[in-house]
Amino acid sequence: MSRPVEEQVLGLISEDELVSLTTALVAAGGENPGGTEEATVEVLKAFCIGAGLEVSTDTVAPGRPNFTAVLPAVLPGVLPGRVQPGGVQQGGIQPGILFLGHSDVVPAGTGWERPPFEPYVRDGRLFGRGSTDMKGGLAAVLIALKALRDAGVQLPFNAALACTVDEEDLGTGIRAYTAAALADPSFSYSACVVAEPTDLETVIGCRGDSYIELKVTGKSAHSGRPADGRNAIDAAARILSLVRDDHARLQSDQDPLLGAGTWNIGLIRGGTGTSMVAAECTVSLDRRLMPDDNAQQILDKLLAQISEAGIDSGGISVEASVTMEMPGFRTPASHPLVANAVAALADAGVSSAITGWTAACDGGFVARDLGVPAIVMGPGGLNDQAHQVNESVSIAEIVAAARAYALMCLRHGTG
């Protein structure tokens, strides 16, 4: 696109409109666990219809709709969205750019200086639960798409926002979204930008995450005769020793971008009384994944070690399962998507470092299941604001993100 067109689009990005939309999204709540994302989706839907974008919803659980907004491709004589088998667009319509976000937020908790879902602005920041993670990013994407629409820009590809539910817990939304996309012959994107908070750094790789649940069963007995029983807590402690040893081994092989996989013992419950041998013990483990890791294979290896050590014998049994897995991803620093992001941010007034993330996000599903290269880039701070009491986001960062997203759309496919 020409520089005058870019300047016209950027001139249509309104700080007041960004603040208004972010405020409405924060006020809509969406704490998870809880399944209350519907109010946020209603705000998104109303804004997008008013902005002239195409919208759709897909209810993946009661009261939990995935939401998609599209600025459709426009070419003379070509019907928007029509594709040939295999995703090859008819009439020159090109694979598009997909922005990805989520509508849920973590529970607000206590200790806020003001009610967490009554957002307010102070000293250039917008405060409220979800302002950073990630209502500000959602607003920035939609304001960018609206500016493109208002400017009358006719892109030769679809530019879309997919907003999923349940990102903060089990990933129900992104699993449903990728399954639907795989079955949709019109799905054709060559770049994905996850609008999660990165302080506007360009994140080209993320670790994944998984939850592993262990249930250790023994035999109860009186504590005065512990040999009559089989202590499940003792057996669980031996398993956790294996976990700690593996964690230490992993730290000896650090990836320069993503660090290493990790184990964390998150929850443990066991026993029914101090004077009784514990018949049961359950353990919840968090296992962070490198991009090529497979959680089930990791669990299978742990179960083999448990058997080799003789822990699951002599009256002790161990059951285990992977209850959640979110894949990691890595996009080459040389990929055109990365160059587009860095250049767009520079022209929006931001010098963006190319980095990696030790957190996990839904972008891993898009990269793994749909084969679409992904980055993470959005307003707000992951480590100092997301999931924190008195969470806030810089209004200047939301504006810069919206400007960068618009420029990325204008320049997509030209590099």
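Structure first, text after, so check above.
Counting restarts for each chain, with residues numbered from 1 along the sequence as it is written. Local features in a predicted model are, by the rule used here, given only for residues with pLDDT of at least 70; side-chain atom pairs are given and counted only at 80 or more, and totals for whole chains, interfaces and linings are based on all residues. Heavy atoms from the whole structure form the basis of all side-chain values; hydrogens and water molecules are not counted.

Undergrad: Now, about the pattern of salt bridges: what can you tell me, with residues and values included?
TA: Counted as salt bridges are all cases of a side-chain nitrogen of Lys or Arg within 4 Å of a carboxyl oxygen of Asp or Glu. For the coordinates displayed, the defined rule picks out 18 salt bridges. A salt bridge links Asp209 to Arg288, with the shortest nitrogen-to-oxygen separation between them at 3.2 Å. Placement of the pair is Asp209 in strand β9 (residues 208-217) and Arg288 in strand β11 (residues 280-289), with a sequence separation of 79 residues. Only protein chains enter the accessibility calculation, which uses a 1.4 Å probe. A residue is then buried if its area is under 20% of the maximum for its type, exposed if over 50%, and partly exposed in between. Its relative accessible area of 22% is what places Arg288 among the partly exposed residues. The salt bridge involving Asp228 is made with Arg225; its shortest N-O contact spans 2.6 Å. Among the residues examined, Asp228 registers a relative accessible area of 36% and is labelled partly exposed. On the basis of relative accessible area, Arg225 is assigned to the exposed category, the value being 56%. What emerges from the salt-bridge pattern is a single network uniting Arg3, Glu6, Glu7, Asp347 and Arg411. Under the DSSP-based scheme used, a helix requires at least four consecutive residues in state H or I and a strand at least two consecutive residues in state E, with every element numbered from the N terminus.

Undergrad: An account of the pairing of strand β8 (residues 202-206) is requested, with residue identities and associated values reported.
TA: When you tally the buried positions in β8, you get five out of five residues, the bulk of the element. Strand pairing is defined by DSSP finding a minimum of two bridges between the two strands. Across four bridges, β8 lies against strand β14 (residues 354-357) in parallel orientation. From the neighbouring strand, Gly205 faces β14, where its bridge partner is Gly356. Relative to strand β13 (residues 329-330), β8 runs antiparallel, the two being bridged by two bridges. The residue bridging Gly205 from the neighbouring strand is Arg330, located in β13.

Undergrad: Describe in detail the state of the cysteines, supporting the description with residues and values.
TA: Any pair of cysteine sulfurs within 2.5 Å is marked as a disulfide. Applying the stated rule across the entire model yields zero disulfides. No disulfide involves Cys206; its sulfur sits 4.0 Å from the nearest other cysteine sulfur, which is in Cys361. On the basis of relative accessibility, which here comes to 1%, the residue Cys206 falls in the buried class.

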